[in-house]
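# Survey of secondary and tertiary structure
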Amino acid sequence: MQVLVLLLASVGTCLGLLVAAAAGTTPARPDPPSVLPIHRRQKRDWIWNQMHIDEEKNTSLPHYVGKIKSSVNRKNAKYVLKGESVGKVFRVREDTGDVYAFERLDREKIPEYHLTALVVDKNTNKNLESPSSFTIKVHDVNDNWPVFTHRLFNASVPEMSAVGTSVIRVTAVDADDPTVADHASVMYQILKGEEYFAIDGSGLIFTTTKTLDREMQAKYEIVVEARDAQGLRGESGTATVLVTLQDINDNFPIFTQPKYTFAVPEDIRVGSSLGSLFVEDPDEPQNRMTKYSIVQGEYRDTFTIETDPNHNEGIIKPMKPLDYEYIQQYIFTIEATDPTINLHYLSSVSIRKTARVIINVTDVDEPPNFKQSFYHFQLRENQKKPLIGSVLATDPDAARRSIGYSIRKTSDKGQFFRITKQGNIYNEKELDREIYPWYNLTVEAKELDSSGYPTGKESIVQVHIEIMDENDNPPEFAQPYEPRVCENAAQGKVVVQISAIDKDITPRDVKFKFSLTTEDSNFTLTDNHDNTANITVKYGQFDRERAKVHHLPVLISDNGRPSLTGTSTLVVTICKCNEHGEFTHCEEMAGQAGVSIQALVAIFLCILTITVITLLIFLRRRLRKQARAHGKSVPEIHEQLVTYDEEGGGEMDTTSYDVSVL
């Protein structure tokens, strides 16, 4: 034991020397007795106890914290504390260095305090030792219970969720020191709502049942407790969790009534609404996808049911016209389904998915109905007032009123036709297909009362009359020909090739025959048997001195029934030519210019007539103007002219009348 003490003393001495060497000082040696003492300041050390204090001590104040002590042993030394909490929270006894706390401390507010200790002279307050900083730590006591971060939590979860579906995680915080065992541990427990939900140690709330039905209960209130089981007080904190169930499509639509009855007029427009069907769907609007259909009855092609997406209603619309005289009542069964429903979560099966619909058609005074939507008649041209065809309209109502017919004045050439009271159509004049091949008439049918007056109900129908062709037009030249030939043309010279047309409908097998009306000319005609013919020089040269133009009548016959023959005149001009056969001089005839002598005479007569009428109007206006200037009316002047029968008075009588006025 003595050896161990000596060993420890040796180690302490060595450490002291090392510290002194590091500080640049040498350890003090005892002065020899013969040498006077030298005044040196010796290093002194603060002597500390462990500074700590428990929070929330229940003993009476002040509470002893610890002692500060220095190696200064002067009688005039005193201890002083400095710091923010000195005087209010902590104080020190000047003579002993005992430190006291004059307030109960709370670690959760201030876990430690930083102070400075001083040793000063009582008289001069000068430091006898260097100041020393130290810390007073407040030891934790498990005196706080967990507190939730929110008093109220909001969460949502889909209805019919599986067991164990997470809802929300709640968090509670314990203000105690977490480094001290179990001081900050939190335990969760559900106080309200535990039959539907549970919570684990991390604060996660989850479902414990799969029958959460929003339509039965849409919201749930859960009260959660957070407890500190190791706390001194055994207190706990609570929070409320409001859980809202999110809707899913798990309910069938249900008709609000087992039977729907509607009354509609028979003239309701096709495609318009005649009534609405209503259903109840407990699901939210975004999950209402009702589909309506007709399941029983033979009227699926008569009515359709469309879904109004805004109100989830079924709109019944007719797909074809209704007729009271044909069917007065429609009865059928309808069904409401939801094709988007999730059958896995189906909560219940509806017993009211079907309903009966009764539609009563009411009678309306309707206009006459034509038996056909339009009429097409054929009439041969040049016929004298035959029966073209008949139209027929009837009153669809039960009254069966009589009908009157007429042709609208706006019809195409309607003045050419008439219609009888029985609906028979006749033509008023002979018709020519080559002028108008078609006539389109609008025939009105008016409902008449018992007195024969129109009731205001009328209908119209289009009547198309096709004029059939008759072979009533002889063939003619296909175009205007202006043939020319040299006066010295050789025999057999082709002058022109001609062809023919017929204003009648030309069949594919039409055959035209060409011939000259006279052989007494220097021309001959050769039929090519392809509906063309060649005009050639018969003898040879022509004499321009005798005739510069030759008129050549050509007969053209067709093979129609009956066959018709027409005469077209070919005007051939004799021209001077050079040695190469090129025309050098030809006379231009009036007929060749395209205007006949008769047309020129007619134009001249028209111009003359217009000139005479204009002159008469001008003279009449001038006469009226001069009469007003002399204060006499035109009748008076005429009267004087008529009754003046005296013999002239010679030169002296020239002023009796103003000749200019006359």
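Positions within a chain are numbered from 1, following the residues in the order the chain's sequence is written. The model is predicted, so local features are restricted to residues of pLDDT at least 70 and side-chain atom pairs to those at 80 or more, both for listing and for counting; the totals for chains, interfaces and linings are taken over all residues. Side-chain descriptors were evaluated using all non-hydrogen atoms of the structure, hydrogens and water having been removed beforehand.

### Re the UniProt feature "transmembrane region" (unreviewed entry) in the protein chain
Keep this limit in mind: UniProt positions are given in the numbering used here, feature names are shortened, and annotations may be inferred rather than shown by experiment. Secondary structure counts use DSSP, requiring at least four H or I residues in a row for a helix and at least two E residues in a row for a strand, with both numbered from the N terminus.
UniProt tags residues 599-619 as "transmembrane region" (unreviewed entry). Secondary structure over residues 599-619 splits into 100% helix and 0% strand, and the C-alpha atoms at its two ends are 31 Å apart.

### Digging into the environment of Thr256
Threshold: A simple rule labels every residue: compare its accessible area, found with a 1.4 Å probe on the protein chains alone, to the largest value its type can have, and call it buried under 20%, exposed over 50%, or partly exposed in between. Any N or O atom pair separated by 3.5 Å or less is treated as a polar contact, with the protein-specific requirement of one donor-capable and one acceptor-capable atom, and with residues adjacent in sequence counted only for side-chain atom pairs.
As for its placement among the helices and strands, Thr256 is situated in the loop between strand S18 (254-255) and strand S19 (259-265). Classification of Thr256 as partly exposed rests on a relative accessible area of 36%. Separated by 22 residues in the primary sequence, Thr256 and Phe278 have C-alpha atoms spaced 6.0 Å apart. There is a polar contact of 3.2 Å between the side chain of Thr256 and the side chain of Tyr260.

### Focus on the environment of His585
We count it as follows: Pairs of residues are marked as contacts when any of their non-hydrogen atoms sit within 4.5 Å.
Note on placement: His585 falls in strand S44 (residues 583-585). Spatially, the C-alpha atoms of His585 and Ile574 are 9.1 Å apart, while their sequence positions differ by 11 residues. When sequence neighbours within four positions are dropped, the list of residues in contact with His585 reads Arg544, Cys575 and Lys576.

### Topic: a nonpolar patch on the surface
Applied cut-off: Note that patches include only residues with greater than 30% relative accessible area and no salt bridge, and the join distances are 9 Å for like charges and 5 Å for nonpolar side chains (Val, Leu, Ile, Met, Phe, Trp, Tyr). All accessible-area figures derive from a Shrake-Rupley calculation using a 1.4 Å probe, and residue coverage is judged against the displayed protein chains alone. The salt bridge criterion pairs a side-chain nitrogen of Lys or Arg with a carboxyl oxygen of Asp or Glu, the two atoms within 4 Å.
Among the surface-exposed residues, Val601, Phe604, Leu605, Leu608, Val612 and Leu616 lie close enough to one another that they form a single nonpolar patch of about 580 Å² accessible area. With respect to the helices, strands and loops of the structure, Leu616 is situated in helix H2 (residues 597-629). Residue classification places Leu616 among the exposed residues on the basis of a relative accessible area of 54%.

### So, the packing of aromatic side chains
Spelled out, the test is: In this scheme Phe, Tyr and Trp rings, the latter by its six-membered ring, pair at centre separations within 6.5 Å, and the angle between planes marks the pair as stacked below 30 degrees, edge-to-face above 60, and tilted otherwise.
Applying the stated rule across the entire model yields 17 aromatic pairs. Judged by centre distance (6.5 Å) and plane angle (75°), the ring pair of Phe148 and Phe153 falls under edge-to-face. Taken as a pair, Phe148 and Phe153 share a single burial class, namely buried. Judged by centre distance (6.2 Å) and plane angle (45°), the ring pair of Phe148 and Tyr188 falls under tilted.

### Observations regarding the pairing of strand S26 (residues 354-362)
Short version of the rule: Strand pairing is assigned whenever DSSP detects at least two bridges linking the two strands.
Pairing analysis gives 7 bridges linking S19 to S26, with the strands arranged parallel. Within S26, the position partnered with Thr261 by the bridge is Ile358. Note that strand S25 (residues 329-337) and S26 share 7 bridges and pair antiparallel. Residue pairing across strands places Thr333 opposite Arg356, the latter belonging to S26.

### Details of unusual backbone geometry
That bond from Leu61 to Pro62 is cis: its omega, -5°, falls within 30 degrees of zero. Within the secondary structure layout, Pro62 lies in the loop between strand S2 (52-54) and strand S3 (63-70). Not every positive phi belongs to a glycine, and His529 is a case in point at roughly 60°.

### A closer look at the state of the cysteines
What counts here: Note that a disulfide, as used here, is simply two cysteine sulfur atoms within 2.5 Å.
Under the counting rule described, the total for this entry stands at 2 disulfides. A sulfur-sulfur distance of 1.9 Å marks the disulfide that ties Cys486 to Cys577. Linking Cys486 and Cys577, the disulfide has an S-S dihedral of approximately -90° and is accordingly described as left-handed. With Cys486 in strand S37 (residues 484-486) and Cys577 in strand S43 (residues 565-577), the pair connects residues that are 91 residues apart, well separated along the chain. With respect to class, Cys486 is no different from Cys577; both count as buried. Each sulfur of the disulfide joining Cys575 and Cys586 lies 1.8 Å from the other. Across the S-S bond of Cys575 and Cys586 the torsion is about 125°, and the bridge reads as right-handed. Taken together, the residues span a long stretch of sequence, with Cys575 in strand S43 and Cys586 in the loop between S44 and H2 at a distance of 11 residues. A single burial state applies to Cys575 and to Cys586, both of which are buried.

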